[in-house]
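Spelled out from the first residue to the last, the chains are:
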Amino acid sequence: MSNSKSSLTTPSVISDFKEITKMRLALSVVFSSLAGYLLGVDSVNFKTLILLAFGGYFMVGASNAFNQIIEKDLDVLMDRTKNRPIPSGRMSVNTAFIIASVFTLLGIIILYTINKQTAMFGAISIFLYTCVYTPLKTKTPIAVFVGAIPGAIPFMLGWVAATDDFGIEPGTLFALQFFWQFPHFWAIGWFLFEDYKKGGFFMLPTGKQDKGTAVQTIMYTIWTLIVSIIPVFGFTGKLHLSVVAAILVFALGLGMLHYAIRLFKLMTEKAAKQLMLASVSYITLVQIVYVIDKFIR
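Attention in this report is confined to the structure presented alongside it. Note that the coordinates shown come from a computational prediction; the quantities given were computed from them, not determined experimentally. (Residues numbered from 1 in each chain as written. Predicted model: local features only at pLDDT ≥ 70, side-chain atom pairs only at ≥ 80, totals over all residues. Heavy atoms only, no water.)

1. Description of the overall build of the protein chain
So, step 1. Per the secondary structure count, the protein chain includes 12 helices and 0 strands.
So, step 2. Going from the N terminus to the C terminus, the protein chain shows its helices and strands as α-α-α-α-α-α-α-α-α-α-α-α.
So, step 3. Its C-alpha atoms give the protein chain a radius of gyration of 20 Å, within 12% of the compact-globule value 19 Å for 297 residues.
So, step 4. Projecting the C-alpha coordinates of the protein chain onto the three principal axes gives extents of approximately 65 × 50 × 35 Å.
So, step 5. Counting every position in the protein chain, which comprises 297 residues, the buried fraction comes to 48%.
So, step 6. In the protein chain, the proportion of contacts linking residues at least 24 apart, taken out of those at least 6 apart, comes to 73%.
So, step 7. On the protein chain, roughly 14,000 Å² of surface is accessible, and the fraction owed to carbon and sulfur atoms is 69%.
So, step 8. Once the 24 positive and 15 negative side-chain charges of the protein chain are each reduced to a mean point, those two points are 4 Å apart. (Helix = DSSP H or I, 4+ residues; strand = E, 2+ residues; numbered from the N terminus. Rg over C-alpha atoms; globule rule 2.2 N^0.38 Å. Buried < 20%, exposed > 50% of the residue type's maximum accessible area, 1.4 Å probe, protein only. Contact = heavy atoms within 4.5 Å. Areas by Shrake-Rupley, 256 points an atom, 1.4 Å probe, with all protein chains shown as cover. Lys, Arg positive; Asp, Glu negative; His and termini not counted. Charge placed at Lys NZ, Arg CZ, Asp CG, Glu CD.)

2. So, helix H6 (residues 116–136)
So, step 1. Relative to the 30 Å expected for 21 residues at 1.5 Å per residue, H6 spans 29 Å between its end C-alpha atoms, a close match to the ideal helical length.
So, step 2. Along H6, the largest kink reaches about 35° and is centred on tyrosine 129.
So, step 3. Those residues of H6 lying buried are Thr118, Ala119, Phe121, Gly122, Ser125, Ile126, Leu128, Tyr129, Thr130, Tyr133 and Thr134. (Expected span 1.5 Å × (residues − 1). Bend = angle between axes of the 7 residues up to and from the residue.)

3. Considering the packing of helix H8 (residues 168–191) against helix H10 (residues 211–229)
So, step 1. Contact pair H8 / H10: the axes reach a minimum separation of 9 Å and the direction vectors enclose 155°. Compared by their axis directions, H8 and H10 come out roughly antiparallel. Crossing geometry of H8 relative to H10 is assigned as left-handed. The residues of H10 that touch H8, namely those facing Thr172, Ala175, Leu176, Phe179, Trp180, Phe182, Pro183, Trp186 and Trp190, are Thr213, Ala214, Gln216, Thr217, Tyr220, Thr221, Trp223, Thr224, Val227 and Ser228.
So, step 2. When grouped by side-chain class, the residues that make up the contact of H8 with H10 number 12 nonpolar, 7 polar and no charged. (Axes fitted to C-alpha atoms, helices over the stretch in contact; angles between N-to-C directions. Parallel < 35°, antiparallel > 145°, perpendicular 65-115°, else oblique. Left-handed = near helix turned anticlockwise from the far one by under 90°. Nonpolar A, V, L, I, M, F, W, Y, C, P; charged D, E, K, R; others polar.)

Here it is as structure tokens:
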């Protein structure tokens, strides 16, 4: 009987741990950091690569756990979050706080072993996400702007980990992922509008699923597209992009822009979800193109 119970609870504990740290999201952030590292490094140091992966995961996991502690009473109100570990009662706030605190310490320490700047940006990211972005989500749509800052740090963080330097190159990587955040999160805010409203979250720039929000989504998609090809013009220091790679990146941007325009035309939750999926594919593929282009040039 005890073996049966153990076999049922162990997967549940693992599942709750993955959910409190938002493992899939954390891994995507780690992917961005590793891409930034590969772009900045002259020769790959696998020890640093592993430290960056673990340090990045701990920092993102901590941010997500703190976020769920703060929003536990609001998560109960929304369909997409009511079954999370804390609101469902499967995990106590104290347990989540211990996980978040341990992850924060481990993340900072590990990133510090790479270099001080990497640890500093990691700490800034978790502070902004937890102490500024999360409280603002129920007060103003400006929260998305604030949240875009820690959301854009990982791509840049990898370059800083590789070079121990912050300049035009990591600044460009930051700008690319910063502008990308807006159409991505506004698309999510659109198709989850009714659910977000239950929790009192303000995610769309106009507060509504209207043409104003759709137009701003298109504009920020265009900014993302423009920033993504800037390295081909030689203005970004050691961060280069070949003409062929720039054409590929531009084509990927046009694909995302297509779905942003489609949202403007259709104004539907389905169109918003398609834009969200397109945005995820876009940022992943762009980072892959950047890295491959560096190593085959």
